[in-house]
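Chain and residue survey
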Amino acid sequence: MHDSGSRSHEMSESVVLRTIGGMLIPYILIFGFYVQMHGEIGPGGGFQAGVLVAAAFILHLLLFGRSGTDRWLPRWLVDLSMSLGVLLYAGTGVACMAMGGHFLDYSALDPTHPAEAEALGMTLVEAGVGLTVASVVLTIVRKVQGGTR
Amino acid sequence: MDPVLLLDVLLLILAVIAAVAAMLQRDLLGSVMLMGIYSMLMAVIWANLFAMDVSFTEASVGAGASTVLLLMALTRLGTKERRGGDHSLPALVLVVLTGVVLLYGTSELPRFGDAQAPAHLHIAPRYLAQDIGKVAATVPAQNALHGEGDFGHHVPNTVTAVLASYRGYDTMFETAVIFSAGMCLLLLLRPSQRRSPEETDDA
């Protein structure tokens, strides 16, 4: 069971797959960031963007193997961004309180321009969701791929 | 007949076929592929119902991420299903009974697309106005789309506004749940400290 598993988890040996797949990764990432920033206007938001960004790195993981991805995206950074996302979300709420509003009452962030503060708060909060979702999805895939390692 | 309705019926029939085929398929690789097709069909159905955010999530998570996860699991487990013991009469009876109860429950629901349904009259107008829980002075005027700020206090995608603002607490704790799932994974599957050196870190 483990023999067949570990062999198939090496980086892809096909030059065609590696080249074409590698060309796709930047486009997936750009689309992910677009969905992240555009969530207030079009469909999508932090959750969907997080999965898309994770998909780009999953593709990288499948093509270039574990050590290839670790070179671009260190594992400690993924672990860190899991908690950073939640911190960013809750921190936005605390910042609202510090500015004199209620928890997560974004309009308190800038009392003179409540509408823009609302947009800013939503953007920060969605960024937090995206960060956490992307890193957790990537971690799940890594763990399934690599087992206990 | 309404072409949108026809498309819906066609897609739903295809989704049911894909689901049944995924269950009957003996080859697990084929089963996973059929699950992905099922998710993709559901995404199109959601899009057809103008539930764009749900459709997006179904396509990215259902058809994308979970298919990849299942495929990775298959590379470790093999694609042969163990035979036998999968037909149980009590289970069939239970499933059919549950289905009948659910169908009976839907008979009480308002008709699909009914503008007079309570859901559309009670709170939906306030979701669309996006004035819930806001200070009276910051509530937009009736045609405030070109008011102050980028959107004049009116986010074009109401789903995002509801998730991030009106239901901000819910979304925060959903994020926390995802975070704790990732943390549990890291802690449970952490490499043991007493492993041999070549198994520790390959970064």
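Report follows, based on the coordinates.

Cut-offs used in this document
Residues numbered from 1 in each chain as written. Chains lettered and ligands numbered in written order. Predicted model: local features only at pLDDT ≥ 70, side-chain atom pairs only at ≥ 80, totals over all residues. Heavy atoms only, no water. Helix = DSSP H or I, 4+ residues; strand = E, 2+ residues; numbered from the N terminus. Contact = heavy atoms within 4.5 Å. Areas by Shrake-Rupley, 256 points an atom, 1.4 Å probe, with all protein chains shown as cover. Lys, Arg positive; Asp, Glu negative; His and termini not counted. Charge placed at Lys NZ, Arg CZ, Asp CG, Glu CD. Salt bridge = Lys/Arg side-chain N within 4 Å of Asp/Glu carboxyl O. Buried < 20%, exposed > 50% of the residue type's maximum accessible area, 1.4 Å probe, protein only. Axes fitted to C-alpha atoms, helices over the stretch in contact; angles between N-to-C directions. Parallel < 35°, antiparallel > 145°, perpendicular 65-115°, else oblique. Left-handed = near helix turned anticlockwise from the far one by under 90°. Nonpolar A, V, L, I, M, F, W, Y, C, P; charged D, E, K, R; others polar. Phe/Tyr/Trp six-rings, centres within 6.5 Å; stacked < 30°, edge-to-face > 60°.

What about the overall build of chain A?
Counting secondary structure elements, chain A contains five helices and zero strands. Helices and strands appear in chain A in the N-to-C order α-α-α-α-α. Dimensions of chain A, computed from C-alpha atoms along their principal axes, come out at roughly 60 × 30 × 20 Å. For chain A, the proportion of contacts with a sequence separation of at least 24, taken over those separated by at least 6, is 60%. For chain A, the exposed area adds up to about 7,200 Å²; of that, 72% sits on carbon and sulfur atoms. Of note, chain A has its 8 positive side-chain charges centred 21 Å away from the centre of its 11 negative side-chain charges.

Some points on the side chain of S55 of chain B
Mapped onto the elements of the fold, S55 of chain B is located in helix α3 (residues 52–77). Aside from chain neighbours lying at most four places away, what touches S55 of chain B is A43, W46 and A47 of chain B.

A closer look at the pattern of salt bridges
Enumeration over the complete set of coordinates arrives at three salt bridges over all chains. Residue D70 of chain A is joined to R75 of chain A by a salt bridge in which the shortest nitrogen-to-oxygen separation is 2.9 Å. The shortest N-O distance in the salt bridge between D170 of chain B and R167 of chain B comes to 3.7 Å. The exposure class of D170 of chain B is partly exposed, given its relative accessible area of 40%. What emerges from the salt-bridge pattern is a single network uniting D70, R75 and R142 of chain A.

Notes on the packing of helix α4 (residues 75–98) of chain A against helix α5 (residues 114–146) of chain A
All names here are of chain A. At a closest axis distance of 8 Å, the pairing of α4 and α5 adopts a crossing angle of 150°. Here α4 lies roughly antiparallel to α5, going by the angle between them. Remark: the crossing between α4 and α5 carries left-handed chirality. Of the residues contributing to the contact of α4 with α5, the split by class is 13 nonpolar, eight polar and two charged.

Points about the packing of aromatic side chains
Describing an aromatic ring pair means giving the distance of the ring centres and the angle of the ring planes. Counted by the stated rule, this structure contains three aromatic pairs over all chains. Taken together, F31 and Y34 of chain A together with F56 of chain B form an aromatic cluster joined through their ring pairs.

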